[in-house]
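Residues per chain, in single letters:
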There are 2 protein chains.
Amino acid sequence: MNRVFPKSITDEIDMTFQYIDLANEIEIKVLNGEFHAGERLPSLRKIHNESNNSISTVHKAYMELERRGIVEAREKSGFFVSNILHHRQESPKLVECQKNPQKVRVAKLSHEMTRQVGKTHLTSVGLAIPANDILPLKQFSKIFKSISIEEMDHVFGYDRSMGSLELRRQIAKRTLGVSGRISSEEIIITNGCMDAISLCLRAVAKPGDIIGVETPTYNGFLQLIEQNNMFALELPTNLTEGVEVDKLEEILDSQQVKACLFNPSYQNPLGYVMPNEKREKLVRLMNHKNIPIIEDDVFGELHFEERRPSTLKSFDEKGLVLYCSSFSKTLAPGLRVGWAIPGIFMEQVQELKSNLSLSGSKLNQYLIVQFLKNDSYERQLRFVRNELKKQMSDLIMAVVRYFPKDTRISNPGGGLNLWVQLNDKIDTIELHREALLENILVMPGVLCSVSGRYQNCIRLGCGNPVTRHFEKSIEILGQIIYDLM
Amino acid sequence: MNRVFPKSITDEIDMTFQYIDLANEIEIKVLNGEFHAGERLPSLRKIHNESNNSISTVHKAYMELERRGIVEAREKSGFFVSNILHHRQESPKLVECQKNPQKVRVAKLSHEMTRQVGKTHLTSVGLAIPANDILPLKQFSKIFKSISIEEMDHVFGYDRSMGSLELRRQIAKRTLGVSGRISSEEIIITNGCMDAISLCLRAVAKPGDIIGVETPTYNGFLQLIEQNNMFALELPTNLTEGVEVDKLEEILDSQQVKACLFNPSYQNPLGYVMPNEKREKLVRLMNHKNIPIIEDDVFGELHFEERRPSTLKSFDEKGLVLYCSSFSKTLAPGLRVGWAIPGIFMEQVQELKSNLSLSGSKLNQYLIVQFLKNDSYERQLRFVRNELKKQMSDLIMAVVRYFPKDTRISNPGGGLNLWVQLNDKIDTIELHREALLENILVMPGVLCSVSGRYQNCIRLGCGNPVTRHFEKSIEILGQIIYDLM
């Protein structure tokens, strides 16, 4: 349990540890499902031929993987993916949906969680927050130093209620090919993505209304529904593709659903991507029924694969999709700059924003504009994606290593969240409280449900590099889980 | 109508214009009510003896004031305050209160107003916004340039839900002697004062509840009440001292008032200060009835007299006063940093904040902290107060000069707002729209009422220096009013 856990394969490496590097590379492939449990791994010679590694290095790598419990050597047959891993790798099982809309009661516990944010002694393994290491602090520092007095003049007054025109133009430019042709006039700037979703929700629904959500769903959605005295209806959700459109259609025939809150790209907490055909079918259904969808696309840019997923907005023909996103996961959580593309509800969203908060921060919008203008955003996105992908692999490896064998984990294609299903006997609220005593913050699964489900699940976040200290926290967490069983 | 309107008495002056300077000084005293209509002004010799002005300068000053229509020369008796002015100076008359709580419908029109904010071609004479000229842009510019990479590290992540501890400490230090002993743990940082009021309102009341307000009241209060589907009850309000406590007591016996929204210091829109005895009586009554007061103190620091008014909070013995303020009127509207001291409702406010918006902007809080730390805040406050006092005098002078004679104006003791009551025949929504065609923004009085009252009133703001261009706008406004009559 004390061995060094190499951070990632692209770290600066001593040639002596080349085999560690190779072992990590193979481990990632296994964890990503490129090799299945029981499957035979490439021979020493094959890897030697296809890479620059000596036979001896490849052999040492396999020995290392065997030591980690990820591969098994079978006499005269070579190396195979371990069966234990297979068990661990399966997706979490989920239960059936309740039929009735529920009053939401997650605010207290959610608040208990978020009030921990920013406490320095705490290791947050449960929040979807990118660490400072992957944020472009140096570039922002340069931008600060370059602000002229004339520019200050534009930065310190109240803002117009739509937000900075320049920022809206930059966003409009970037949405091309993702959400169809969006003009700057269709975009409204908000205080982060949560604020965008909050305004959109209040624009389309009122207290007492029923809001459809995925299950499990993002706890933030439930918090907003609760604070607005609305009801949540959990919709049957496929673990790897999102909400079941056919079942949704039946439900809409019997329930007065006022709007839906969906997070189709790297869903929080499951991490799946809804396939395009399904997106199209979903939006067509909702357009037909005239029911607005609030689309949370905050993780859309954080794809581990080469291309970003599309959006529900791009299939929207009636302006009924209210698209929401922010720069909090890619550039700067602390700046609180997000936006909404509210379709036909623009007027209502704008009115709510100007009535509730007057305006957003001009300075923060200005800083983001400067960043987008100097073309380093694309580079930053590539960097964040790479880092998160590595960190997610490292996180999965650590969970596999330290959690009990009956643990099941999701297979996120991007984003920040990993869903972990523990033994049925585990109450993760208890786990959360025990872990907090050790200064470790996890997110109990009940926060993602309106009916007290997922009590044996937790959400983990890959925003932090899996340092030795972080890995230690996962190990301690594993210990607590064993103790609770 | 083409003469030069000198900006203020402390502008850099050519000795040739010393008489203009003196005339302005006397005009301000007259407008502040130090001399009443028909009252004899000090003799030339008296002023000469008590100031450094020659008899000739004093004489020229009186001639100038006569030309302005502010004084009249009476043969062999000297100079007297003009009667016309007396008429103009009276406080606006107000009508009786309605007895029943009302559904609020100001959001649409309010939004029509605020959506104009930030449009550069517009002269806003109606909004309570300090101009950039009086904001400490240079000092903030220095702060930007001094942020180290290490500090950047603290500035870019998500914030804790209470907000920056250092900022809360700075605020706690400053509230000493104003709101009693307030510790940093009793303070929560918000996105400006409106956000603070919004959170506090949602913490103490729910949809359908009745909220008591002054009349006329701050349109922002009514917007929040409307957006939260609550009802507003206008309380009998004395024009120079605020809500009538005895009448309030009667009302509370018959109406289920859930909470009250008060702005006792330089009330928006009337500008009055509630006297201390009245504050004490008011808070005692509300404490006794166990009804929370949300106190908006955003103008508290903007006193034209030497000392700032006290707060309702300082008389609160039960933690039922939820105090709200911000740095938007004194330092930087664009940073959106405010705070609440919610008394016994801290837990609810904190929960709402963390559930609705996750956190505020760390960067903006950091910038304010740097400003407060280097002790220039006191200097900035003195500067803002002086400038606003001058600008308010200039604004009043301009209104007196260009508006019809039956116009009545309030006598603000601080803050940013001037309440102007026009002839009964004037519909100020019409005025607002006509003015907008001339790129002038005024605020129609109906926005300050739930019962369509004050249709012949407008609110003006003294945030801008009365430049020649600004004065021209007041002149045009006066013309439109004449045309409407």
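Residues numbered from 1 in each chain as written. Chains lettered and ligands numbered in written order. Predicted model: local features only at pLDDT ≥ 70, side-chain atom pairs only at ≥ 80, totals over all residues. Heavy atoms only, no water.

**Re the packing of helix H1 (residues 18-31) of chain B against helix H3 (residues 55-68) of chain B**
Residue and element names in this part refer to chain B. Stated formally: As a rule, the C-alpha atoms of each element are fitted with a line to give its axis, helices using only the stretch in contact, and angles between N-to-C directions run from 0 to 180 degrees. Think of it this way: any DSSP run of H or I at least four residues long counts as a helix, any run of E at least two long counts as a strand, and we number them from the N terminus. The cut-offs work like this: below 35 degrees is roughly parallel, past 145 is roughly antiparallel, 65 to 115 is roughly perpendicular, and the gaps in between are oblique. Left-handed describes a crossing in which the near helix is turned anticlockwise from the far one by less than a right angle; the clockwise case is right-handed. The criterion used for residue contact is that any of the two residues' heavy atoms lie within 4.5 Å.
It is at 8 Å that the axes of H1 and H3 come closest, and there the two elements cross at 60°. In terms of axis orientation, H1 runs oblique to H3. Crossing handedness for the pair H1 and H3: right-handed. Contacts between H1 and H3 involve Gln18, Tyr19, Ile20, Leu22, Ala23, Asn24, Ile26 and Glu27 on the former and, on the latter, Thr57, Val58, Lys60, Ala61, Tyr62, Glu64, Leu65 and Arg68.

**Considerations on the nonpolar core**
This is how it is decided: For the purposes of this section, nonpolar cores are sets of buried Ala, Val, Leu, Ile, Met, Phe, Trp, Tyr and Cys residues that join through side-chain atoms within 4.5 Å. Residue burial is assigned from relative accessible area. The probe radius is 1.4 Å, only protein chains are included, and a residue is buried under 20% of its type maximum, exposed over 50%, and partly exposed in between.
The biggest cluster of nonpolar side chains holds 181 residues, and the ones touching the most others in it are A:Leu460 and B:Leu460. With residues up to four places along the chain from it excluded, the contact list for A:Leu460 reads A:Val125, A:Gly126, A:Leu395, A:Val399, A:Leu416, A:Asn417, A:Leu418, A:Val420, A:Val442, A:Ile474 and A:Leu477. A:Tyr323, A:Leu335, B:Ile171 and B:Trp339 belong to the second-largest nonpolar core, a separate cluster that totals 64 residues.

**Overview of the interface of chain A and chain B**
Basically, it comes down to this: Two parts placed together each lose some accessible area under a 1.4 Å probe, and adding up what both lose gives the buried area. Only one rule defines a salt bridge in this text: a Lys or Arg side-chain nitrogen within 4 Å of an Asp or Glu carboxyl oxygen. For the purposes of these results, a polar contact is taken to be a pair of N or O atoms within 3.5 Å, where, inside protein, one atom must be able to donate a hydrogen and its partner to accept one; residues adjacent in sequence count only when each atom of the pair is a side-chain atom.
Contact with chain A, which involves 64 residues of that partner, is made by 64 residues of chain B. Taking both sides of the interface into account, the surface hidden between chain A and chain B amounts to around 5700 Å²; carbon and sulfur atoms contribute 54%. Counting across the chain A and chain B interface gives two salt bridges. Summed over the shared surface of chain A and chain B, the result is 17 residue pairs in polar contact (both at pLDDT 80 or more). Elements with a minimum of two residues in the side of chain A that touches chain B: helix H5 (107-114), helix H6 (137-146), helix H7 (149-155), helix H9 (192-204), helix H10 (219-227), helix H13 (346-357) and helix H14 (362-373) of chain A.

**Describing the environment of B:Pro269**
Residue and element names in this part refer to chain B. Inspection of the secondary structure puts Pro269 in the loop between strand E10 (257-262) and helix H12 (276-289). Separated by 94 residues in sequence, Pro269 and Leu363 have C-alpha atoms that sit 32 Å apart. Those residues within four positions of Pro269 in sequence are excluded, and the remaining contacts are Pro216, Thr217, Tyr218, Asn417, Leu418, Trp419, Cys448 and Arg459.

**Here we look at the relation of the copies chain A and chain B**
Inclusion rule: To line up the copies, we fit them by least squares on C-alpha atoms, keeping just the residues with pLDDT of at least 70 in both.
For the pair chain A and chain B, the superposition axis carries a translation of 0.0 Å, the fit reaches an RMSD of 0.1 Å, and the rotation angle comes to 180°. Look at the turn and shift together and you get a two-fold axis relating the two. No C-alpha of chain A approaches the rotation axis more nearly than that of A:Lys145, which lies at 2.3 Å. The overlap is high: 100% of the interface residues of chain A also sit at the interface in chain B, so the same surface is used on both sides.

**Concerning H1(B)**
Here is the rule: Expected span of a helix, by definition, is 1.5 Å for each gap between consecutive residues, and there is one gap fewer than residues.
The end-to-end C-alpha distance of H1(B) is 20 Å, a good match for the 20 Å that 14 residues give at a rise of 1.5 Å each. The buried fraction of H1(B) is high, at 12 of 14 residues.

**What to know about the pattern of salt bridges**
With the rule as written, the count across this model stands at 44 salt bridges over all chains. We note a salt bridge from A:Arg174 to A:Glu378, for which the minimum N-O separation is 2.6 Å. One end of the pair, A:Arg174, is in helix H8 (residues 165-175); the other, A:Glu378, is in helix H15 (residues 376-402), with 204 residues separating them in the sequence. What makes A:Arg174 partly exposed here is its relative accessible area of 28%. In this structure, the salt-bridge partner of B:Glu471 is B:Arg401, at a minimum N-O distance of 3.5 Å.

**A word on the pairing of strand E6 (residues 210-213) of chain A**
Residue and element names in this part refer to chain A. What counts here: Strand pairing is assigned whenever DSSP identifies at least 2 bridges connecting the two strands. Here, the term right-handed applies to a crossover whose path from the first strand over the helix to the second runs clockwise when the strands point away from the viewer.
Covered by surrounding structure in E6 are Ile210 and Gly212 together with Ile211 and Val213, the residues of both alternating faces. Pairing of E6 with strand E7 (residues 231-234) involves four bridges; the strand directions are parallel. Paired with Val213 across the strands is Glu234, a residue of E7. As a crossover connection, the stretch from E6 through H10 into E7 is right-handed. Two strands pair when backbone bridges link them, and E6 and strand E10 (residues 257-262) are joined in this way by four bridges, in the parallel orientation. What sits directly across from Ile211, in E10, is Ala259.

**Things to note about the packing of aromatic side chains**
We apply this condition: Aromatic pairing here means that ring centres of Phe, Tyr or Trp (its six-membered ring) are within 6.5 Å. Orientation follows from the plane angle: under 30 degrees is stacked, over 60 is edge-to-face, and everything else is tilted. Charge over a ring is defined by NZ of Lys or CZ of Arg lying within 6 Å of the ring centre and within 35 degrees of the ring normal.
One pass over the structure, following the stated rule, counts 13 aromatic pairs over all chains. Arranged with centres 4.9 Å apart and planes meeting at 45°, the rings of A:Phe327 and A:Trp339 form a pair that is tilted. Of this pair, A:Phe327 sits in the loop between strand E12 (321-326) and strand E13 (338-341) while A:Trp339 sits in strand E13, and the two are 12 residues apart along the sequence. With a centroid separation of 5.6 Å and 80° between ring planes, the pair formed by B:Trp419 and B:Tyr454 is classed as edge-to-face. Taken together, the residues span a long stretch of sequence, with B:Trp419 in strand E15 (residues 417-421) and B:Tyr454 in the loop between strand E17 (443-444) and strand E18 (457-461) at a distance of 35 residues. With relative accessibility at 0%, the residue B:Trp419 sits in the buried group. In textbook terms, an aromatic cluster arises when at least three aromatic residues are bridged by ring pairs, as seen for A:Phe327, A:Trp339 and A:Tyr377. The positively charged end of A:Arg74 is found above the aromatic ring belonging to A:Phe80, 4.0 Å away from the centroid.

**Regarding the sheet that holds E15(B)**
Residues and elements named next belong to chain B. The strand order E14-E15-E18-E17 describes an open sheet built from four strands, whose pairing is antiparallel. The sheet is open, and its two edges are formed by strand E14 (408-409) and E17, each paired on a single side. Direction of pairing for E17 relative to E18: antiparallel, over a ladder of two bridges. The residue bridging Pro444 from the neighbouring strand is Ile458, located in E18. Those strands touched by helix H15 (residues 376-402) are E14, E15 and E18, and its axis lies near 15° from that of E15.

**A closer look at H10(A)**
Structurally, the α-helix is built with 3.6 residues per turn, so residues lying three or four positions apart point the same way. The element H10(A) is extensively covered by neighbouring structure, given that eight of its nine residues are classed as buried. One or two steps after H10(A), the chain reaches A:Asn229, where phi turns positive at roughly 55°.

**Points about the domain arrangement of chain A**
The following threshold applies: Delimitation of the domains relies on an automatic or database domain assignment.
Taken as a whole, chain A is organised into domain 1 (7-81) and domain 2 (136-376). The C-alpha-based centres of domain 1 of chain A and domain 2 of chain A are spaced at 41 Å.

**So, the environment of B:Lys99**
Residues and elements named next belong to chain B. Secondary-structure assignment places Lys99 in the loop between helix H4 (83-89) and strand E3 (102-103). The exposure class assigned to Lys99 is exposed, which follows from its relative accessible area of 69%. Expressed as a C-alpha distance, the spacing of Lys99 and Pro236, which sit 137 residues apart in the sequence, is 9.7 Å. Beyond its immediate chain neighbours, meaning those up to four positions away, Lys99 contacts Leu233 and Gln255.

**Observations concerning the sheet that holds strand E15 (residues 417-421) of chain A**
Residues and elements named next belong to chain A. Taken together, the four strands give an open sheet; going across it, the order is E14-E15-E18-E17, and neighbouring strands pair in antiparallel fashion. Because the sheet does not close on itself, it has two edges, and the strands there are strand E14 (408-409) and strand E17 (443-444). Of the pairings in the sheet, the one linking E14 to E15 comprises two bridges and is antiparallel in character. Each residue of the ladder has a partner; that of Ile409, found in E15, is Val420. Contacting E14, E15 and strand E18 (457-461), H15 runs over the sheet at an angle of about 15° to E15.

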